[in-house]
Structures are given as structure tokens and as C-alpha cells.
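Structural overview for review
One-letter residues, chain by chain:
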Amino acid sequence: MPEQDRHLLKLCFLLCIFAGFLLHSLGASEIPLDSKLSIVDKDMWVSPNGDFAFGFFNSPDEPNYSVGIRSNSKSFPFDKQIVVWIAGADLILGNNSYVQLTQDGELILFDSLKGVIWSSKTRQLSVVSAALYDNGNLVLLNKEKHIVWQSFDTPSDTLLPGQNFSTFKTLRAASKNSVSSYYTLFMDASGQLQLRWESHVIYWTSGSPSSSNLSAFLTSDGALQLRDQNLKPVWSLFGEDHNDSVSYRFLRLDVDGNLRLYSWVEPSKSWRSVWQAVENQCNVFATCGQHGICVFTESGSPDCECPFKHTNESISRCLIPNHPCDSGSDMHKYMHTFLYGMYPPTDDLVAEVSLQECKSLCLNDPSCTAATFSNDGTARCLMKRTQYVTGYSDPSLSSVSFVKMCAYPLAVNPNLVTTSPSPLEQSHKFCFPCVIGVASGMFVVFVLVQLALGFWFFRRRNLGRKKAAFAYTSPNSNGLIVLSFSEIEELTESFKHQIGPKMFKGVLPNKKPVAIKDLNITIEERKYRSAVSKIGSIHHKNLVKLQGYCCELDHRFLVYEYAKNGSVEKYIEDLKLCKKLTWGKRFDICLSVARAICYLHTSCREFMSHGNLKCENVVLDENLEAKVTEFGLGKVVSEASCSSAERDVEDFGKMVLVLVSGCRGVGDLCEWAYKEWMEGRPENIVDKRITGGFNLQELERSLRIAFWCLQIDERRRPSMREVVKVLEGTLSVDPPPPPFGCNGPLEEEEEP
């Protein structure tokens, strides 16, 4: 009995040691409230086994940081560590940004310029700690150690073993050029996995039996399964190394739109693709995007070729040339080629026609740009009505495509008839009238030179008299002219020509026109001069340059360069002038304004907002190029301006809708425009006074980014850098949710 007691005591002692060790491990893996990670400190939260780490990271070819979870095993060389989850997509962060688990139990990402730009929205869920599990799942726990939030529920582009992917969840491919990409993996209500381009095109499905309440699951032995509510597999696919001894696996939707399963190969220290959803990469919708037709090469890799015509842009695009053509049109034939339109990604189907009829239908239709004849026995002709056409080519394809292109070269121009004498005849013919003409011309030139000299001496004498009167001849260190109130009165002829609210036209002694703004405010002289000096140091081709100012007693004036054609608002309101605002010009105005505001937000020595962006404060120069004026006035009025980047973004969204529609009532306009766009009638939003039509793709980009700018939740609004990329066409953007709070309280909404 004593012997048994001793064994029992030893067993209890060992159990206590093991329990203590286990509790110590769990305690070490937990992250208490008020914990904080920053870019500057470069610290991380690491899982107990060391396989995963949460913190800030960037790639060698990308200077901007993101925050998320990456693989951290010592088995991986640094360049083989993969990012498995990102907080708030690829947000661009300032150098002083940090992530913190607040005392309220909310995980937040704080940007040094924008404030809180992402959060877990768990303030009301009694969170007491966080933890990073060994499987790569970041969780927030309550007092009972129940998970109330986890990163596994909001995947980025990667699924890890043990992670559920349920109905209406989305994986979004990363992109080298943008925050988001066109490609997503989605599970619909019937339980099918779908690879989609935007929300329009499905180019791969899992082929699983239709059933509700299914979820996808990646097993540790390399199988992707669809499971029912009882966790029973109803569909499975396997990688080529299924059941092999592999330490690490993951499923990722890659940048090229293909879904792949990867395994870690220890001997070669590398990741290897063991399965991919679409075998022929050219079958992934828009593999070549706007850069040509996808051709599968002998090496097994896709290549993009442009059989049409490259545009002269900084980003090379393969677009079908614009029509009509002066020399007429021809249909160029492409064998074994399938083409489809991208913007919009829909084709008009004409059934039961022949190959020749398909070709003729497109040639005789002014709006048709290309057509594909299926040639598989279905006698179908798919007609495209957009410049943005892509597709793929393969010898095994039976389809034949036609592209409408201009007939070059022009052999004879019937309107051009010229006759000219031979050079021999010209050389021997004496021209008496020519002699008279030369003599007369020399006399006229002599008289003009004498008049010019006289005018120059007269001008110089007058300028000498006025030189002492105008202080503008001595600009300050920033190149700003400093004027007295009497000089302002003289330049404006006692404020005779008003060109806007408290804005007057003036003319400098050198005949150069200027626009003079009466601020009509009272502000301390030192603060005023400091603020004006900062504004005067800003130079951008789409910003109206500040040329000078007046600071005398209670008088505060700003002197801007003069824009000959006035404000955009004047052009929208005037029935005659609005005809000059073609669709192309309106879109250029949107892009120019976006670039100007982006410059203020990101490229100045310190952040500067506009604070009052609207059509009235956008002016047009002699070439109808847009320039933003009256920026930075918040700094003049007070040191702590109430304006912000988010306010500018919202104002920009309103301005875009006004420019597109020609309407002024912004409140009702927003709701009406969103309804028309959602119901597939975006053309109804376009100002009916626009002549020459509009570009459907540019219209779609403009409306989408405008509705994102108008989101009630400021954290959902894009940055102006992202706005510029969307308008330029280098950044894709999802269909925006209703910006008017139609979905109920924000706290109950799912993250986009």
C-alpha cells in the first residue's frame, strides 16, 4: 500500500508538472488587451509552434507595408515565406502605422495619415484576449475562451488546412497593380465553388452536386472537399501528392485567376503546385486582359499577342481600332480563335447563321467591332460591340473570328486633285510681280520696325513711372507677389469684374490677367502669411497656381493665375457652353481633378485637403484643361482645419455624378443614379446634352468609383490614389454596395 501511494504521488506530481507546462504555453500564446505592434518596432505575434507570425510585412519589390499573417517556419527561406491573410486587403500604410488590441476588445489598424482604417468590430463582444493558433488562425476570445472573431472567417486569397470556406464567402486574388483584382473564388447558394471574373463571368465550377449548407475544407493530407452539415464529404479533389508525407500545404487563388493547391517540398526548399483548377491558362477569362489574345506556347506557358493595334499609351493596350474609317472597313479573319468582349463582358448571340452571314452581319453593323463563329455545328455568331476584346487561340479550336479594321492604305483620295508645273519650267520663268511683292514687303517691314521701337520706348517710360507704385515687382522667397489693398483696387478697377463668389478679375501692369479672391476673414497676420506661404509652394499642372496675396490691416486677398474659360459649373449650367463638355472632356476633368487632389493628399510636404471640392472650384484654361482652385483655404482660416481626406473623397464622388449627369441636386441624384446603375441602365444617367456619345467602360468606372466615394462609412471610401488608378483603368474595383445605409446598421454588415 505505501508503494502504491508513492506511485500515485509520483503520477500526481508528473500530471501537475505537465498541466503547469500546458497552462504556461497557453498563457504565453495569448495576447492581452492593449497589446500593440508597429511598423517602426518591427515586432510580431508568433504562434506557439513558430509556424505563423502576425505583424507588418512587405516584399523586396514593394516598399508599402501591409499587416497580416505569414508563414514563419524555420524550414522556409525568407523568400519562400508566404502571406496567408491580410487585414483589410492591401491597404497602403504610412510609416508610423500600428495595429492594436484595444481595451474595448477591438483589433484596429491605425494609419498615421487616415486614422483607423480597419477594425474587427468586436467592441461589444466582451473580448479579453487574442491568440494566434498553430494552424495560422488569429482569434479573439471572451472570458469563457470562446472564439468571437477569427481570421479564418474573412479569408484573403488563401485557404489553410482546417479552414472552412462556407456559402457566400469569397477568396480574392491579389494583384501587383491594385488593391483588389477581378478574380474571385465564390461559393454560391447551391454549394458550388465558382471562379469568377468580376461578378459577371463564371469560367470554372467545382461540378459538385447541388446542395445547400455545404462548406469547402482543405485537409492536411492534400484533399479539397465539400462537406455537408454532418461533415461528410460529398465531393472531393486530390493533389498529385495526396497522402504523401508533406508538412505544409495551402490553397491559393493566384494573381492570374487560377486556383492552385501547393505543397512544401523539403529537399528543394520550395513550394510546388500539385493541382490547378484550369489546366489551360488561356481558358481563364481575360488572362491577357487588355493586352491581346492568349496563345498557349510549346513551353506550356501562355503568351499574349496583339493582332490588332496597340494604342499609344504609357500602358500598352491591345484594342480594336476606333471606327468609322475614312478608307472603309475590312473584316480580318482569325482561324482557331475565340474572342469575347470585356467591357461589357457580354456578346450578342445570333443563331442559325452561316460563317459568311456572321461576317457580313458584323461588317454592316456600325456598332459591331468583332464577331466569332462557333463552327462546332451550332451555327452561332457572337457579335461584340466594344473596343475591349480579348480571347484565346489554339489549333484545337474550331471557332473562326472576324475583326473589323480600317482598310489601309488609301489608294486614291478622290477629293484631292493637285497640279504643279515641272521644276524645269519653274526655274526658267521670270516672275516680275514677285519683284514688286518683295520690294513692297521690305518697305512694310521697315515701317513696322520703326513703330515697334517707338512703342517700346514709350512703354519703358510708363513702366518706369509705375514701378515704384507696385510691390509685386519684388516677390518673396516663395515667388509670391505681395500687394497692398490700394494695388488690389487698382488691379481690379475697384472690383469691377466679378467672375465668381468673392472672386474678381484683375490685370497686372504687364497685361497678365489674374483672379483675385476676397477671403473676407479676420486672421492673425503671422498665421495668415505662414499658411499662404505653404499654399504658394505647391505646384501641380492641375492645380491653379497661387501668385500672390494681400495682407494689410484687415484686408486678406489671394491672387491666383487666371483661367480663361471659367468654372466647370458655368459650363454645366449654360445650354450652349455645355455642348463643349463632350464625354471625353468630362472624363478628362474627373481624372485631372482626381490627380490634383491625390497630389495634395500624398505628395506635399505635409498633408493638405481641399475642404470644399465642387464644380464651382474647378476651372478650365484656354485649352479646356481642368485645374482645381481654392485648395488649402482651411489652413488659411484656421490652423486645425475641419476638412479631411475622407471629406475630399466624398466631395469628389458628388462632383463625378454632377459631371456625368449634368444635374445639380446631389442628394436625390445619388439615389436615383445608383438605382439606375443597379438595374442595368447606366446610360440613363448620362447627360442627354452630350454630343458624340460616351464610352461605356469609362462610364462604368466613373460610376463605380463615385459610389464607393459616397459610402457612409468613411473607412470604406477609397484613397484618392486608388481613385486615380480606377479612372486610369489600372485598378479594378468591385460593384459598390448601396452608399445610403440601405443595408441596416453598419456593425451588422459583413466586411466587403
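These remarks concern the structure in this document. (Residues numbered from 1 in each chain as written. Predicted model: local features only at pLDDT ≥ 70, side-chain atom pairs only at ≥ 80, totals over all residues. Heavy atoms only, no water.)

1. A closer look at the overall build of the protein chain
From N to C terminus, the protein chain includes 13 helices and 43 strands. Classification of the 752 residues of the protein chain by burial places 47% in the buried group. Pairs at least 24 residues apart make up 57% of the contacts formed inside the protein chain by residues separated by at least 6 positions. For the protein chain, the exposed area adds up to about 38900 Å²; of that, 55% sits on carbon and sulfur atoms. (Helix = DSSP H or I, 4+ residues; strand = E, 2+ residues; numbered from the N terminus. Buried < 20%, exposed > 50% of the residue type's maximum accessible area, 1.4 Å probe, protein only. Contact = heavy atoms within 4.5 Å. Areas by Shrake-Rupley, 256 points an atom, 1.4 Å probe, with all protein chains shown as cover.)

2. Side note on the pairing of strand 12 (residues 147-150)
As paired elements, strand 11 (residues 138-141) and strand 12 share three bridges and run antiparallel to each other. Pairing of Leu 141 across the sheet is with Ile 147, part of strand 12. The loop that links strand 11 with its antiparallel partner strand 12 comprises five residues; one of these, Lys 145, has a positive phi angle of about 65°. (Pairing = 2+ DSSP bridges.)

3. What to know about helix 13 (residues 720-728)
Among the residues making up helix 13, those that are buried are Met 720, Glu 722, Val 723, Val 724, Val 726 and Leu 727. Each element contacted by the buried residues of helix 13 is listed here: helix 8 (583-602), helix 10 (645-661) and helix 12 (696-709). Of the residues trailing helix 13, Gly 729 is marked for its positive phi of about 90°.

4. A look at the sheet that holds strand 3 (residues 45-46)
The four strands lie next to each other as 3-4-5-6, forming an open sheet whose pairing is antiparallel. Of all the strands in the sheet, just strand 3 and strand 6 (83-86) have a single pairing partner and so form its edges. With three bridges connecting them, strand 5 (residues 66-71) and strand 6 associate as antiparallel partners. Note on strand 6: the bridge partner recorded for Gly 68 is Ile 86.

5. Things to note about the packing of helix 10 against helix 12
Angle between the axes and distance between the axes: these two values describe a pair of packed helices. Where helix 10 meets helix 12, the axes come as close as 8 Å, and the angle between the chain directions of the two elements is 145°. The crossing of helix 10 and helix 12 is left-handed. Here Val 649, Glu 650, Phe 652, Gly 653, Val 656, Leu 657 and Val 660 of helix 10 lie close against helix 12, whose contacting residues are Leu 699, Ser 702, Leu 703, Ala 706, Phe 707 and Cys 709. A per-class count over the contact of helix 10 with helix 12 returns 10 nonpolar, two polar and one charged. (Axes fitted to C-alpha atoms, helices over the stretch in contact; angles between N-to-C directions. Left-handed = near helix turned anticlockwise from the far one by under 90°. Nonpolar A, V, L, I, M, F, W, Y, C, P; charged D, E, K, R; others polar.)

6. Points about the nonpolar core
In this structure, Leu 558, Ile 589, Val 593, Val 618, Phe 652, Leu 657 and Leu 727 are the most contacted members of the largest nonpolar core, which totals 75 residues. Looking at which element gives the most residues to this core, the answer is helix 8, with 11 residues. Not counting chain neighbours up to four residues away, the residues in contact with Val 618 comprise Gly 566, Ser 567, Val 568, Ile 589, Val 593, Leu 613, Ala 626, Lys 627, Val 628 and Met 655. Core analysis: the second largest hydrophobic core is formed by 40 residues, Ala 173, Tyr 183, Tyr 203 and Leu 251 among them. (Core = buried A, V, L, I, M, F, W, Y, C linked by side-chain atoms within 4.5 Å.)

7. Side note on the side chain of Arg 704
Within the fold, Arg 704 resides in helix 12. Filtering out sequence-adjacent residues up to four positions away, Arg 704 remains in contact with Glu 198, His 200, Trp 677, Val 733, Asp 734, Pro 735 and Pro 736.

8. Brief notes about the state of the cysteines
Evaluation of the coordinates by the stated rule reveals five disulfides. Covalent S-S linkage joins Cys 358 and Cys 381, the inter-sulfur distance amounting to 2.0 Å. An S-S torsion of about 65° defines the bridge between Cys 358 and Cys 381 as right-handed. Residue Cys 358 is found in helix 2 (residues 355-363), and its partner Cys 381 is found in strand 33 (residues 380-384); the two are separated by 23 residues along the sequence. Cys 551 carries a free sulfur, and the closest cysteine sulfur to it, the one in Cys 550, is 7.2 Å from it. Counting only cysteine sulfurs, Cys 590 is the nearest neighbor of Cys 615, a cysteine outside any disulfide, at a range of 8.3 Å. Cys 615 sits in the buried class, given a relative accessible area of 9%. (Disulfide = S-S within 2.5 Å.)

9. Points about the packing of aromatic side chains
The tally for this structure, following the rule as stated, stands at 27 aromatic pairs. Consider the rings of Trp 45 and Phe 54, whose centres lie 5.4 Å apart with planes at 25°: the pair is stacked. Owing to a relative accessible area of 11%, Trp 45 belongs among the buried residues under this scheme. Through a chain of ring-to-ring contacts, three or more aromatic side chains come together here, namely Phe 76, Tyr 248, Phe 250, Tyr 262, Trp 264 and Trp 271. When the ring centre of Phe 217 is taken as reference, the NZ or CZ atom of Arg 227 above it lies at 3.9 Å. (Phe/Tyr/Trp six-rings, centres within 6.5 Å; stacked < 30°, edge-to-face > 60°. Lys NZ or Arg CZ within 6 Å of the ring centre and 35° of its normal.)

By themselves, these observations are geometric and do not establish any function.
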